[in-house]
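Report on the structure
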Amino acid sequence: MNSLIIPVILLILAGFAYQVGLRSSLKAASKAPDVYMHSRPSYHGWLAMLRAALPALVVYLLWHFFGSSIINPMVIETLPAAQVPEGSLERDALMQRLLNLATGFGVADEAPDWQVAGSAYMAQLYSYGRTITFALMATVAAIGLFTSWRNTTPQTRARNKVERFITIALFACSGVAVLTTLGIVLSMLGEAINFFSYIKPADFFFGTTWNPRFATTDTESQSGFGLLPLLSGTLLIALIAMLVATPLGLMTAVFTSEYASDRVRSIVKPLVEVLAGIPTIVYGFFALVTIGPFLNALGAMVGLEIRATSALTAGVVMGIMIIPFVSSLSDDIITQVPRAMRDGSLALGGTKSETILKIILPAALPGIVGALLLGVSRAIGETMIVVLAAGNRPVLTANPFEAVSTVTVSIVNQLTGDQDFASPQSLVAFALGLTLFVMTLVLNVIALVVVRRYREQYE
Amino acid sequence: MNNATRPNSGLDGFASNEERTQHIASTLKRRRSKETRFRFMGILAVALSIGLVGILFGSILAKGIPSFWQATFVLDVDFSPELVKLESPKPVKEPNESPARYEERVNEWANQLNFINWNKLLLESVAKVLPESTENPRAVLEMFASSTRFDLRNMVIENPDIIGKTERLDLVASANVDVWIKGNIDRSLPDNQQQISADARKWADQLYAEGVIENMFSTVLFTNSDSRSSPATAGLLGAFVGSLMMMVVVILLAVPVGVAAAVYLEEFAPQNKFTDFIEVNINNLAAVPSIVFGLLGASVFIIMLNLPMSAPVVGGLVLSLMTLPTVIIATRASLKAIPPSIREGALALGASRVQAITDHVLPLARPGILTATIIGVAQALGETAPLLLIGMSAFVANVPSTPLDPSTALPVQIFLWNGNELRNFFEGRTSAAIIVLLVLMLTLNSLAIWLRKKFEIRW
């Protein structure tokens, strides 16, 4: 059946209900000409629409999402017990097969008789279910329409009801953010726990070799799930990035907020912010094609062996990426330092740089630390630059001139390509992701709290 | 200016005013030069940051712009009836025939064209301008993009009347010829390291000098999808359409939900723990690494809900979740900028809170909401990492026709081309694709800035 039919029916129903509500309010108004209507006619229309179309929609969605979980057990009961597989995955596959038979989609091979019988029963149940759903939808819609038609009086508080609904809908939308966080935590936790049923947590968190071979289940390969080489690579690159971004970003912020004239500021700020709008894949390509060979040649000149794809390359380019982030956050924070502190220092004869170094920066320090922490959290979670430019060599090293690998690179490596989502080689990506999420969460929360405290201090 | 070695006669350690003035005067020079140094450092930081933007754009433009032009043969191709033999004329559409049936008949008819030796056509047309080329037909065929044969065939299918005529056609040369002519490969390399034979190299130079091979604007870059067998004609169309579909999903999902959430938090939310919790959630989500959203998508949409991999609709869902906090934060900022007097005025005249917002606040915030939308879309457009995890890095040769078809996206296409083994050719192609992406992003961003400037209301 065409899946567009239901939405179209619901839309028509909604339009019809709106008209019913509108008309009934006009009728009520003409019946009692000297009574003020509580709500305007359009609100009565909206109310009727909510009363009729919303329950119908809910009924349809319930059927859509839970219909199969009601029908599947009923079908399974009728199947010969010997044929019903034990595992839930196999059972799901069987139900999908029966569903394909039932809808006439067909299956690749010849289906045995018991499957044909089961699918026939399933098709029957589905057709009953659909009929019941349609009947229910029609009933609730009719009840809603009828209520609106009969109960519309000048006193009906249609506006308040509609507005209450709007408020609840708005609240639900803001709850999506909470649901997303919950989704992230639960899904990753679920898969990570699954992973830890293959690999001991201690082996993962304290293991020093990272070598997750595919398609082997022997015990020897399982020693290769150590997080530490990846973590060291991640932190090394983040450190280099912050060494580049902190001085450049901070000085840019100081210059634009304290020294630059309005004209210069209005040119410099957008130019630096252009850096923030560049996709990370572009930075990765830039690192690979321009910065890497440049650093390599530079190293050769001074007698150092710097690989073209190394922690240094990735770190430097990541630092460039974070500059606008640090500078625009610090800029906001520096401009929030009260004018009086600045003026006081200048009045006492301090030069501008003394004022900045001894008064403004110390006063802004908590905020700046917060900004830098957010920068670190960015650096840790950045993916494309390191995928392209870090060299993908998971070894435990502190040498920035060597190729390394990071947590994010390994997530990408483990989850791209065709493999089974249930193998530890894939599941480890979720354990890595959870580690990454927790790390950035801690950094973000600390940074947000620090910045917020700082803002409150000067408000 | 405390100095412990001085006799502690005055409050600040100076015996007299003169001594103090003298001391200050003597340190002035040092302090002023320090000031100059500090200022210089600020300018240096800004110059470096902007210089890096310049280098990034410069290097990508230098590599990418030449790739918009591509070595192309301009040849007279003779569709001689001896070579292109048709046994039956192209079927004519009958008046009451369905389009599908007609298409089937045309396909059936076109099958006979598959057995025609299209290479022969190419060889003959090259022989006309280069008689000695008949000695080494393999070298001639090496010079053409491998899809040229299908292009010729499609031309005949499109218009069978072409048979017997001679047409002047632009035929894309193979990637290796393009690399050779542009000098993107070391011309002095020995034969066994060159990618095309000595004859093909000699003839390519000769034909280029004669003007038979021209550097023409590469339309295939915009009209074709990715191609493995014929790298010279690989284009961006499929990726562009995929990105476009995802942007539509983001605009349909992230924007309404984000605006609704922002309105709730800014206008309705009571000051309590739960509101605080939602706010912390949103701020944290804005700083969660994008790859974590990819993991969420892989685990919820792909594993749990069994949605198809590589589909733009799934990519759009993931990107919507990712951009939601950005949209919320930007919309809240624009709502905050509207002075309370607007709301109070509406409320004082008897409007309800919902009415005050829908009739007064939201219309005034429209430019701000538009800016928030554009920022969100631009962020989603440039994102790569989460898309890799939901399978969008698979090779897709077709333009997706529905949001459920496998597809790729612009940044992912850049990633894929960057990894292509044919580096000499694809480094330029990748840069060209980056330029296309950057042009789109910068257009979006400057549109946002322009809108902000144009509609900015100073209260």
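Quick caveat: nothing in here was measured; it's all calculated off a predicted structure.

A few points about the overall build of chain B
The helix and strand inventory of chain B stands at 17 helices and 3 strands. Radius of gyration (C-alpha) of chain B: 33 Å, far over the 23 Å computed for a compact globule of 459 residues. Taken along its principal axes, the extent of the C-alpha atoms in chain B is 110 × 70 × 40 Å. Put simply, chain B has 459 residues, and 41% of those count as buried. Sequence separation of at least 24 residues holds for 76% of the intrachain contacts in chain B that already meet a minimum separation of 6.

Examining the overall build of chain A
Along the backbone of chain A there are 15 helices and 0 strands. Considering only C-alpha atoms, chain A reaches an extent of 85 × 75 × 35 Å along its principal axes. Sorting the 459 residues of chain A into buried and exposed places 42% on the buried side. Expressed as a percentage of contacts within chain A between residues at least 6 apart in sequence, the contacts between residues at least 24 apart total 74%.

With respect to the domain arrangement of chain A
On domain assignment, one finds that chain A holds domain 1 (5–156) and domain 2 (219–457). Averaged C-alpha coordinates put domain 1 of chain A and domain 2 of chain A at centres separated by 51 Å.

Brief notes about the packing of helix α9 (residues 237–268) of chain B against helix α16 (residues 410–418) of chain B
Here α9 of chain B crosses α16 of chain B at 145°, and the two axes come no closer than 8 Å. Contact residues: A239, F240 and S243 of chain B in α9 of chain B; L410, V412 and Q413 of chain B in α16 of chain B.

Digging into unusual backbone geometry
Although it is not a glycine, N392 of chain A adopts a positive phi angle of roughly 50°. Its 18 C-beta neighbours within 10 Å are what place N392 of chain A among the partly exposed residues. Non-glycine residue S310 of chain B carries a positive phi angle of around 65°. Locating S310 of chain B in the fold gives a position in the loop between α11 (290–304) and α12 (312–336). A residue is classified by how many C-beta atoms lie within 10 Å of it, and S310 of chain B, with 23 of them, is buried.

Some thoughts on the interface of chain B and chain A
On the chain A side, the residues contacting the 67 residues of chain B number 67 residues. Broken down by element, the side of chain B that touches chain A gets its largest block of residues, 19 residues, from helix α1 (residues 17–64) of chain B. Looking at the side of chain B that touches chain A residue by residue, the classes come out as 47 nonpolar, 14 polar and 6 charged.

Observations regarding the domain arrangement of chain B
Residues and elements named next belong to chain B. What the domain assignment reports for chain B is domain 1 (68–218) and domain 2 (237–455). A C-alpha centroid distance of 43 Å is found between domain 1 and domain 2. Of the residues lining the interface, 6 residues belong to domain 1; the matching set on domain 2 comes to 5 residues. The residue inventory of the side of domain 1 that touches domain 2, partitioned by class, reads 4 nonpolar, 1 polar and 1 charged.

A few points about the environment of F415 of chain B
Here F415 of chain B lies in helix α16. Distance in space between the C-alpha atoms of F415 of chain B and L207 of chain B is 34 Å, their sequence separation being 208 residues. Excluding anything up to four places from it in sequence, F415 of chain B contacts I281 of chain A together with T384 and S393 of chain B.

Side note on helix α7 (residues 228–259) of chain A
Residue and element names in this part refer to chain A. The end-to-end C-alpha distance of α7 is 44 Å, a good match for the 46 Å that 32 residues give at a rise of 1.5 Å each. At A245, α7 shows its maximal kink, close to 30°; a proline, P247, follows between one and four residues later. Burial analysis of α7 places 25 of its 32 residues in the buried class, the great majority of the element.

Quick word on the confidence of the model for chain B
Detailed conclusions should not be drawn from predicted coordinates in areas where pLDDT is low. Per-residue pLDDT for chain B averages 86, and the proportion of residues at 70 or more is 97%. Both confidence scores are given for the complex: pTM 0.86, ipTM 0.87.

Structural notes on the packing of helix α5 (residues 158–196) of chain A against α11 of chain B
When two helices pack together, their arrangement is given by the angle between the helix axes and by the axis-to-axis distance. Between α5 of chain A and α11 of chain B, the shortest axis-to-axis distance is 9 Å and the interhelical angle comes to 65°. One element, α5 of chain A, and the other, α11 of chain B, form an angle in the roughly perpendicular class. As for how α5 of chain A packs across α11 of chain B, the hand of that crossing is left-handed. Seen from α5 of chain A, the contacting residues are G183, I184, S187, M188 and E191 of chain A; seen from α11 of chain B, they are V292, L295, L296, S299 and V300 of chain B.

Considerations on the nonpolar core
With 234 residues, the main nonpolar core has I237, V317 and I385 of chain A as its most contacted residues. For this core, the element with the highest residue contribution is α9 of chain B, accounting for 18 residues. In contact with I385 of chain A, not counting residues within four places along its chain, are T280, Y283, G284, A287, A314, V317, M318 and M321 of chain A. Counting 6 residues, the second largest nonpolar core, distinct from the first, contains I71, M95, L98 and M122 of chain A.

Points about helix α10 (residues 273–287) of chain B
For α10 of chain B, which comprises 15 residues, the first-to-last C-alpha distance of 21 Å matches the rise-based estimate of 21 Å (1.5 Å per residue) to within 8%. Those residues of α10 of chain B that fall on the buried side of the exposure criterion are I278, N281, I282, N283, N284 and L285 of chain B. Those residues of α10 of chain B hidden inside the fold are in contact with α5 and α15 (424–457) of chain A together with α9 and α12 of chain B.

Side note on the pairing of strand β1 (residues 69–78) of chain B
Across 5 bridges, β1 of chain B lies against strand β3 (residues 213–217) of chain B in antiparallel orientation. Across the sheet, residue T72 of chain B finds its bridge partner in β3 of chain B, namely E214 of chain B.

Regarding the sheet that holds β1 of chain B
All names here are of chain B. Read from one edge of the open sheet, 3 strands run β2-β1-β3, paired in antiparallel fashion. Only two strands of the sheet have a single neighbouring strand rather than two, namely β2 (166–172) and β3. This sheet shows a mean twist of 40° between the axes of neighbouring strands, independent of strand direction. Bridge analysis of β1 against β2 gives 7 bridges, and the strand direction is antiparallel. Opposite L75, over in β2, you have L169 as the bridge partner.

Cut-offs applied
- Residues numbered from 1 in each chain as written.
- Chains lettered and ligands numbered in written order.
- Predicted model: local features only at pLDDT ≥ 70, side-chain atom pairs only at ≥ 80, totals over all residues.
- Helix = DSSP H or I, 4+ residues; strand = E, 2+ residues; numbered from the N terminus.
- Rg over C-alpha atoms; globule rule 2.2 N^0.38 Å.
- Buried ≥ 20, exposed ≤ 12 C-beta atoms within 10 Å, placed from the backbone.
- Contact = placed C-beta atoms within 7 Å.
- Domains from an automatic or database assignment.
- Axes fitted to C-alpha atoms, helices over the stretch in contact; angles between N-to-C directions.
- Nonpolar A, V, L, I, M, F, W, Y, C, P; charged D, E, K, R; others polar.
- Expected span 1.5 Å × (residues − 1).
- Bend = angle between axes of the 7 residues up to and from the residue.
- pLDDT = per-residue confidence, 0-100.
- Parallel < 35°, antiparallel > 145°, perpendicular 65-115°, else oblique.
- Left-handed = near helix turned anticlockwise from the far one by under 90°.
- Core = buried A, V, L, I, M, F, W, Y, C linked by C-beta atoms within 7 Å.
- Pairing = 2+ DSSP bridges.

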